[in-house]
Amino acid sequence: QVQLVESGGGLVQAGGSLRLSCTASGRSFSLYVMGWFRQAPGKEREFVAAISSSGVSSYYTPSVKGRFTISRDNSRNTVYLQMNSLKPEDTAVYYCNVIWLATDYWGKGTLVTVSS
């Protein structure tokens, strides 16, 4: 069982920045590949970014590449999403995700609202 808790969402103006955090339970965090997804109103949940267990490799959806940075601190069981140059179309609930031992775990999400 893995529990994920996101934080850091809020209201920001276009062009601003936010940093999301996701803290995971369990002693195997350093083995997890972690991901961020988002779901905008009326749309399906979509992939945003992922990071390898060591933090060496990261992956982004094209729409956020160059603006968002995913990172992790395995000593704190935490993964981060630094979001810069935010746009109104980034408005969504952001979810942390891990697949561990064939089970898909999700946090409850944190709302990011970008005003124009």
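Our subject is the structure listed above.
Attention here is on the structure that accompanies the text. (Residues numbered from 1 in each chain as written. Predicted model: local features only at pLDDT ≥ 70, side-chain atom pairs only at ≥ 80, totals over all residues. Heavy atoms only, no water.)

Okay, the state of the cysteines next. The tally for this structure, following the rule as stated, stands at one disulfide. The side chain of C22 participates in a disulfide bridge whose partner is C96; the two sulfur atoms lie 2.1 Å from each other. The S-S bond linking C22 to C96 shows a torsion near -85°; that makes this disulfide left-handed. With C22 in strand β3 (residues 18–24) and C96 in strand β9 (residues 92–100), this pair connects stretches of sequence that are 74 residues apart. Each member of the pair, C22 as well as C96, is classed as buried. (Disulfide = S-S within 2.5 Å. Helix = DSSP H or I, 4+ residues; strand = E, 2+ residues; numbered from the N terminus. Buried < 20%, exposed > 50% of the residue type's maximum accessible area, 1.4 Å probe, protein only.)

If you look at the biggest cluster of nonpolar residues, it comprises 30 residues, and the most contacted ones within it are L4, M34, W36, L81, M83 and Y94. Broken down by secondary-structure element, the contributors of at least two residues to this core are β3, β4 (34–39), β5 (46–51), β7 (68–73), β8 (78–83), β9 and β11 (110–115). The residues touching M34, leaving out its near neighbours within four places in the chain, are L4, C22, F29, A49, A50, I51, I70, R72, V79, C96, N97 and V98. (Core = buried A, V, L, I, M, F, W, Y, C linked by side-chain atoms within 4.5 Å. Contact = heavy atoms within 4.5 Å.)

Turning next to the pairing of β9. Bridge count between β4 and β9: six bridges; the pairing is antiparallel. When the sheet's bridge partners are listed, M34 is paired in β9 with V98. As judged from the four bridges shared by β9 and strand β10 (residues 103–106), these two strands associate in the antiparallel manner. Across the sheet, residue W100 finds its bridge partner in β10, namely T103. Where β9 folds back onto β10 in an antiparallel hairpin, the turn is made up of two residues, including L101, whose phi is positive at roughly 50°. (Pairing = 2+ DSSP bridges.)

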